[in-house]
Amino acid sequence: MFCPNCGAQTVDGAAFCVKCGKPLPNTIPNNTVAQTNAIAGGTVQINQQVVQPIPQASNLFVTPPPQMVSRIGYSNAINDPRFASKKRTQGCASFIFSLIVIPMPLIGFAIYGYYFQDKMPMKEVFLTGAGVSGIFLLFYVVFWLKKLFSSDWEGVVTALTEEEHLYHRNNSNRTYTDRVEYYYMYVVKIQTTSGKIKKIENKSQNSFYYNYFKVGDRVKYHHDIDYYEKYDKTYDTHILCPFCARVNPITDDVCKCGAPIVK
């Protein structure tokens, strides 16, 4: 454009003429705000150029949600040396207990026959004691053979049920011969990868697995310690110790009994 006073060519957007210094019509200095939008967060026009609004501070500093610890997969604690030591200790304790319990009937009947030979002949005493001890030994052998030939397996929880049972118990009151009482058995049904149905049955005072598992959970059974491990423990808050059956917070790494937490 040209200056109306002296006719000199001016610079576009200039407020004054560069030759005569007179103000130029229909112009606004660069540092003057031409139009302001009064609405908070609106745009501001400066020299016909649109300037984007400044974001709010709350949008600049957004705290991300806390990240949940992922505990997907079966635990490596099974291979922990402390875990192996606990299993050896448990096995030794079971063996020593069997050495004490199995011969007890034979010893007890022998002592009885020694002091009361007139009531039971010594030969009959030894045969009776040996028979009872043999039954104890048979149970012990079957238990270890079952444990020896069993193996770990995996499956999926298919159902959680409550089964009502009743049993008869002798009453101290001689008026009634027995008394009927009810109790609930809490059952977790698991279908293995081979198609078999396994059950975890516990009464109400020991129903941890019933409250712990949900239908659809993937589970692995560790036969050597008789323990059921969940595959995805991300949302768990507590977990059972396989040795002392104490319920521990999932954040702990070792149970109070000294065994590693299988998580």
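Residues numbered from 1 in each chain as written. Predicted model: local features only at pLDDT ≥ 70, side-chain atom pairs only at ≥ 80, totals over all residues. Heavy atoms only, no water.

Asker: Outline the packing of aromatic side chains, supporting the account with residue identities and numerical values.
Answerer: The geometry of an aromatic ring pair comes down to the distance between the two centres and the angle between the two planes. All told, the structure shown has 12 aromatic pairs when counted by the stated rule. A centroid spacing of 5.8 Å and a plane angle of 70 degrees characterise the contact between Phe208 and Tyr209, whose relative ring orientation is edge-to-face. This pair shows no difference in class: Phe208 is buried, exactly as Tyr209 is. Centroid distance Phe208 to Tyr212: 5.0 Å. Interplanar angle 20 degrees. Geometry classified as stacked. Linking Phe208 with Tyr212, this pair stays in helix H5 (residues 208-212), spanning 4 residues, or about one helical turn. Given a relative accessible area of 17%, Phe208 falls into the buried group. For Tyr212, a relative accessible area of 8% translates into the label buried. Among the aromatic residues, those joined into a cluster by ring pairs are Trp153, Phe208, Tyr209, Tyr212, Phe213, Tyr221 and Tyr228. (Phe/Tyr/Trp six-rings, centres within 6.5 Å; stacked < 30°, edge-to-face > 60°. Buried < 20%, exposed > 50% of the residue type's maximum accessible area, 1.4 Å probe, protein only. Helix = DSSP H or I, 4+ residues; strand = E, 2+ residues; numbered from the N terminus.)

Asker: How would you explain the packing of helix H3 (residues 104-115) against helix H4 (residues 122-149) if you had to name every residue and give the values?
Answerer: Direction vectors running N to C along H3 and H4 enclose 165 degrees, while the axes themselves pass 7 Å from each other. On the basis of the axis angle, H3 is roughly antiparallel to H4. Pair H3 / H4 crosses with right-handed handedness. Of the residues in H4, those touching H3 at Pro105, Leu106, Phe109, Ala110, Gly113 and Tyr114 are Met122, Val125, Phe126, Thr128, Gly129, Ala130, Val132, Ser133 and Phe136. (Axes fitted to C-alpha atoms, helices over the stretch in contact; angles between N-to-C directions. Parallel < 35°, antiparallel > 145°, perpendicular 65-115°, else oblique. Left-handed = near helix turned anticlockwise from the far one by under 90°. Contact = heavy atoms within 4.5 Å.)

Asker: Got a sec to walk through helix H2 (residues 81-101)? Specific residues and values, please.
Answerer: The end-to-end C-alpha distance of H2 is 30 Å, a good match for the 30 Å that 21 residues give at a rise of 1.5 Å each. Sitting at the amino-terminal end of H2 is Asp80, which places a side-chain oxygen 2.8 Å from the backbone nitrogen of Arg82. (Expected span 1.5 Å × (residues − 1). Polar contact = N/O pair within 3.5 Å; in protein donor to acceptor, adjacent residues only side chain to side chain.)

Asker: Describe in detail unusual backbone geometry, supporting the description with residues and values.
Answerer: Despite not being glycine, Asp226 shows a phi value in the positive range, around 55 degrees. As for its position among the elements, Asp226 is in the loop between strand S7 (218-222) and strand S8 (227-230). The residue Ala245 is not glycine, and still its phi comes out positive at about 60 degrees. Here Ala245 shows up in the loop between strand S9 (238-240) and strand S10 (247-249).

Asker: Please provide a residue-by-residue account of the packing of H2 against H4, values included.
Answerer: Where H2 contacts H4, the axes come no closer than 10 Å and their chain directions differ by 160 degrees. Taken together, the axes of H2 and H4 are roughly antiparallel relative to one another. Note that H2 runs across H4; the crossing there is left-handed. The residues of H4 that touch H2, namely those facing Ser94, Phe95, Ser98 and Val101, are Phe136, Tyr140 and Trp144. Across the contact of H2 with H4, the residue classes tally to 5 nonpolar, 2 polar and no charged. (Nonpolar A, V, L, I, M, F, W, Y, C, P; charged D, E, K, R; others polar.)

Asker: Which residues make up the nonpolar core, and what values do they have?
Answerer: Of all hydrophobic cores here, the largest spans 27 residues; its most connected members are Val188, Ile190, Ile200, Tyr209, Phe213, Tyr227 and Tyr228. By residue number, the principal contributor to this core is H5, which donates 4 residues. (Core = buried A, V, L, I, M, F, W, Y, C linked by side-chain atoms within 4.5 Å.)

Asker: Could you give me a rundown of the environment of Thr161, with the residues and numbers involved?
Answerer: Turning to its location among the elements, Thr161 is positioned in strand S4 (residues 153-170). Beyond its immediate stretch of four places on either side in the chain, Thr161 contacts Met185, Tyr186, Val187, Lys189 and Tyr210.

Asker: Which residues make up the side chain of Thr234, and what are the values?
Answerer: By secondary structure assignment, the location of Thr234 is in the loop between S8 and S9. A polar atom in the side chain of Thr234 sits 3.2 Å from the backbone nitrogen of Arg71. A distance of 2.7 Å separates polar atoms of two side chains, one belonging to Thr234 and the other to Asp232.

Asker: Quick rundown of a nonpolar patch on the surface? Include the residues and the values.
Answerer: Residues Ile107, Ile111, Tyr112, Tyr114, Tyr115 and Phe116 make up a contiguous nonpolar surface patch of about 660 Å² in total accessible area. Tracing the sequence through the fold places Tyr115 in helix H3. Under the relative-accessibility criterion, Tyr115 is labelled exposed at 60%. (Patch = residues over 30% accessible without salt bridge, like charges linked within 9 Å, V, L, I, M, F, W, Y side chains within 5 Å. Areas by Shrake-Rupley, 256 points an atom, 1.4 Å probe, with all protein chains shown as cover. Salt bridge = Lys/Arg side-chain N within 4 Å of Asp/Glu carboxyl O.)

Asker: I'd love a proper account of the pattern of salt bridges, names of residues and values included.
Answerer: Overall, the coordinates contain 6 salt bridges when judged by the stated rule. Between Lys263 and Asp253 there is a salt bridge, and its shortest N-O distance comes to 2.9 Å. Placement of Lys263 in the segment after S10 and of Asp253 in the segment after S10 is noted, with a sequence separation of 10 residues between them. Judged by relative accessible area, Asp253 falls into the exposed class, the value being 52%. Taken together, the salt bridges that share partners define one network made up of Asp217, Lys230 and Asp236.

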